[in-house]
Amino acid sequence: MAKAIQRSYERHVDELRNALREAEVRYRTVALDETQEGAAFLRLKFDSAAEAEAGAEVIDDQFGELAVSPSPQGGAFLRARLTAEEQERLKDWAVEQSITTMRTRVNQLGVSEPVIQRQGEQRVVVQLPGIQNTARAKEVIGSTAQLEFKMVDTEHSLQKAVDQGPPPGTIIRYDRQGQPYLLKRRTVLSGQYVTEARSGFSQQTNEPLVHISFDAKGTRLFGRLTEENVGNRMAILLDNEVVTAPRINEEIPGGRAQITGMANPEEAHDVALMLRAGALPAPVKVVEERTVGPTLGQDSINQGMKSIVLGFALVVLFMALYYRLFGLVADIALMLNLVFIVAIMSLLQATLTLPGIAGIVLTVGMAVDANTLIFERIREEVRVGNTPHAAIHSGYTKALSTIADANITTLIAALVLFQFGSGPVKGFAVTLSVGILTSMFTAIMVTRAVINLSVGRRRLTRLSIGEG
Amino acid sequence: MHLVPSQTRLNFLGHRRKAFVVSVLLLAVAVASLAVRGLNLGIDFTGGTLVEVGYTQPVSVGSVRSDLHAAGFGQAVVQTFGAPSDILVRVPSANGANDSAQVSTAVLEALRGGAPEGVQVTMRRVEFVGPQVGQELTVKGLQALAFALIGILIYVSLRFELRFAIGSVAALIHDVLIVLGVFSLTGMEFDLPVIAAILAVIGYSLNDTIVVFDRIRENLRKLRKEGTESVMNVSVNETLGRTVVTSTTTLLVLLSLFFLGGPVIHGFAAALIAGVVVGTYSSVFVGAPLALVLGVTRTDLMTRAETEGEGPKAGEAHAP
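Just so you know, these numbers come straight off a predicted model, no measurement behind them. (Residues numbered from 1 in each chain as written. Chains lettered and ligands numbered in written order. Predicted model: local features only at pLDDT ≥ 70, side-chain atom pairs only at ≥ 80, totals over all residues.)

Visitor: Give me the overall build of chain B: which residues, what numbers.
Guide: If you tally the helices and strands in chain B, you get ten helices and six strands. Rg of the C-alpha trace for chain B: 25 Å, well past the compact-globule value of 20 Å for 320 residues, more than 25% over. For chain B, with 320 residues in total, the buried portion stands at 49%. Expressed as a percentage of contacts within chain B between residues at least 6 apart in sequence, the contacts between residues at least 24 apart total 78%. (Helix = DSSP H or I, 4+ residues; strand = E, 2+ residues; numbered from the N terminus. Rg over C-alpha atoms; globule rule 2.2 N^0.38 Å. Buried ≥ 20, exposed ≤ 12 C-beta atoms within 10 Å, placed from the backbone. Contact = placed C-beta atoms within 7 Å.)

Visitor: Report on the interface of chain A and chain B, specifying residues and quantitative values.
Guide: When the parts of a complex come together, some accessible area is lost, and that lost area is often taken as the interface size. Counting residues at the interface gives 58 residues for chain A, matched by 58 residues for chain B. Of all the secondary structure elements, the ones that give two or more residues to the side of chain A that touches chain B are α4 (134-142), β16 (288-292), α8 (294-347), α9 (354-384), α10 (388-420) and α11 (424-455) of chain A. Counting residues per element, the side of chain A that touches chain B draws most heavily on α9(A), which supplies 15 residues. Partitioning the side of chain A that touches chain B into residue classes produces 30 nonpolar, 18 polar and ten charged. (Nonpolar A, V, L, I, M, F, W, Y, C, P; charged D, E, K, R; others polar.)

Visitor: Run through the domain arrangement of chain B, naming residues and quoting values.
Guide: Examined at the domain level, chain B breaks down into domain 1 (13-41 + 134-304) and domain 2 (48-129). Centre-to-centre, using C-alpha coordinates, domain 1 of chain B lies 40 Å away from domain 2 of chain B. (Domains from an automatic or database assignment.)

Visitor: Now, about the packing of helix α1 (residues 2-22) of chain A against helix α2 (residues 49-62) of chain A: what can you tell me, with residues and values included?
Guide: If you want to describe how two helices pack, look at the angle between their axes and the distance between the axes. Residues and elements named next belong to chain A. Where α1 contacts α2, the two axes come as close as 10 Å, and the packing angle between them is 115°. When you trace α1 past α2, the crossing you get is right-handed. Along the contact surface, α1 presents Leu-16, Ala-19 and Leu-20, while α2 presents Gly-55, Val-58, Ile-59 and Gln-62. (Axes fitted to C-alpha atoms, helices over the stretch in contact; angles between N-to-C directions. Left-handed = near helix turned anticlockwise from the far one by under 90°.)

Visitor: Can you lay out the environment of A:Glu288 for me, pointing to particular residues and giving the numbers?
Guide: With respect to the helices and strands, the residue A:Glu288 is situated in strand β16. Considered as a pair, A:Glu288 and A:Val125 are 163 residues apart in the sequence and their alpha carbons are 9.1 Å apart. Setting aside residues no more than four positions away along its own chain, A:Glu288 makes contact with B:Phe128, B:Val129, B:Gly130 and B:Val133.

Visitor: Break down the domain arrangement of chain A for me, with residues and values.
Guide: For chain A, the assigned domains are domain 1 (2-82), domain 2 (114-277) and domain 3 (294-455). Of note, the centres of domain 1 of chain A and domain 2 of chain A, computed from C-alpha atoms alone, are 30 Å apart.

Visitor: Give me the environment of A:Glu227: which residues, what numbers.
Guide: Residues and elements named next belong to chain A. Tracing the chain through its elements places Glu-227 in helix α6 (residues 216-228). Owing to 13 C-beta atoms within 10 Å, Glu-227 belongs among the partly exposed residues under this scheme. Sequence separation between Glu-227 and Ile-248 is 21 residues; the distance between their C-alpha atoms is 8.7 Å.

Visitor: Describe the pairing of β16(A), naming the residues involved and giving the relevant values.
Guide: The two faces of a sheet get side chains in turn, since along a regular strand they alternate between them. A large share of β16(A) lies buried, amounting to four of its five residues. Of the strand pairs in this sheet, β16(A) and strand β5 (residues 121-129) of chain B are connected by five bridges, and their pairing is antiparallel. Pairing of A:Glu288 across the sheet is with B:Val129, part of β5(B). (Pairing = 2+ DSSP bridges.)

Visitor: If you had to explain the environment of B:Val29 to someone new, which residues and values would you point to?
Guide: Along the chain, B:Val29 turns up in helix α1 (residues 16-36). Judged by C-beta crowding, with 15 C-beta atoms within 10 Å, B:Val29 ranks as partly exposed.

Visitor: Quick rundown of the nonpolar core? Include the residues and the values.
Guide: Residues and elements named next belong to chain B. Val-179, Ile-198, Leu-199, Val-201, Ala-271 and Leu-272 are the most contacted members of the largest nonpolar core, which totals 122 residues. Considering each element in turn, this core owes the most residues, 18 residues, to helix α7 (residues 192-222). Beyond its immediate stretch of four places on either side in the chain, Ala-271 contacts Val-179, Phe-183, Val-194, Ala-197, Ile-198 and Val-201. (Core = buried A, V, L, I, M, F, W, Y, C linked by C-beta atoms within 7 Å.)

Visitor: Give me the lowdown on the sheet that holds β5(B), citing residues and values where you can.
Guide: The strands making up a sheet associate through hydrogen bonds between their backbones, and the pairing can be parallel or antiparallel. The strand order across the open sheet built from five strands is β16(A)-β5(B)-β2(B)-β4(B)-β3(B), with neighbouring strands paired in antiparallel fashion. Edge positions in the sheet fall to β16 of chain A together with β3 (77-81) of chain B, since each has one partner strand and no second. Here the average twist between neighbouring strands, direction ignored, is 20°. Most of the contacts of helix α4 (residues 102-114) of chain B go to strand β2 (residues 48-55) of chain B, to which it runs at about 30°, and overall it touches β16 of chain A together with β2, β4 (83-92) and β5 of chain B.

As structure tokens, then:
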């Protein structure tokens, strides 16, 4: 995130210079004050305190996102800082922009039904079903793909720069083999002007490479650059690593270039893909990864299903034996409940995970519990000597508040889980919440309806509930 | 058919001192084990990388270990997982080392490179959790627990009475600590699904306790001549049938999940089984007895109108 703010400061250096020039304010320098954590503020130096005042006015007028303050160095100096709101906005924008870029890249990878979501302030969740080569997926999603063109510096000695640090205005960058390059600090052209990129092979050497085309502004910049620098070398950097540094042999007016130095055709393909999708505004780091292989996914779901079906069958059998006819009615409600849960889960497009399966199991337990509460109550009423109809009626009425209390407390726990949990815990909370609601409906209303239908207005002397 | 006789008259509350001794002993063992042995925290909380692979034929853990050692993962933990051809590798995050998502790729390469000629290694599962995320998950897990308990405390004090709320939350903490103790003593891996299981245990145990409380409230209104302790005893006895049936059915499903659900779901099922067992115990021996000890009386659970009324109406009379 610091990177997005750093970039904004770098952009502002040029913009401030232009604005001050246009307003005819005489300034000496506009520079970044860099600390180890990145840019902290912009330092401005003017000819006089009066000029500085005029400069402050220009900045106040034209750059609402900058806050100007006097510098301890004196009246001719100013400091400009990005406001707190602007920094927040930049961070927010960086995340949103990253999501857009990742989505484009993932779409080009050809993944069916990817999910890319923001999670919290600075995190993005990417779900890629069916991806086999996860190492490559991580590379394609996570690379910043910042393409930069910088001129190679020839005025200073490379060896001396490596030993004693680069002279002002230059930086040292390395290529993949660890070879150092001394480069001019200024980025002369960047990936934002690239409109088209595709991979291919060099006609002469058959090396894999990437063809890029610039937009109108990029074409102009590139043409002028190559014209002015015939004979010099220009380094092409991808994420601060020198990919290649060819010598400019002649002016290139057409706005087309080639990037060689690719390790293999696959890399050329991925680099082209990332250049088309654009760079990420800030570097991303993978903080969590969960990959399930195709065999484990199937195996564990099969196993989970098998164990559920068996457990379910045992419960169905138990209920029928224990509560006879009423048990059978509860079993019907239980199956209906399962159908509801699966239907709602597929409506919500939730993926069925192991914790999700476990949530269903717990729901089955809760549904059975509701019926147990009712049936035990009916048995009690029968024991006390109430008629069957009265026993059913008061059994349902009396058990209702208990069931409601028990389910609401569990629902509270489920909602808290949903709020604070992440990933698998959340999945569990969703199934549990859905299950509690459907099970209250099936275990109370559906069983009541079925029992009323079957008992009807017939005179009964005893109930088939395993009592008496 | 009955699992318990229909008219039990067991003196549960009379044994509350013995029950408290049992609970305190269990809690002491659990807390001591947590303090001394701690929990076998999974990478969800410690941060690190987990790779599960399947070989096409059984493989020796020792040779896998040496392959990984050669690749620079000397601290990796290797074990078989379910079958002798299934291997689980854990690479803990070590002071900033091994903290990148590239570790899994390197581990897989090392395993593939070390496999004997003609043996295929297929990736089953890869999990990488950065140390920062691990810390967050721990904090969030504890937060979720605390908020769930507070929410329950509020709801139960509104629906019943503060002393009942304290009794039920004490029962929950009792259950959670004992389940944690079981995990600490057995050294089973404590990961994210287990947290979900423990929260489910809270829901379940609470359910049990609420059912008993509900009956106590009802009986306090109905059986005016009996003392509070006696009413609680009657209530626990009356709900005993339901308590046993529900625990039985839930355990049927959970045991099936434990034995057939596969190794991935093992810890989850174990936590739930332990939780259901202690949850059933605590709903009988912790929740109501504690409320009694705290001094709950008949009037605490009645609305004003009820206390001013003239005893039970004829229709509500209950044969003792």
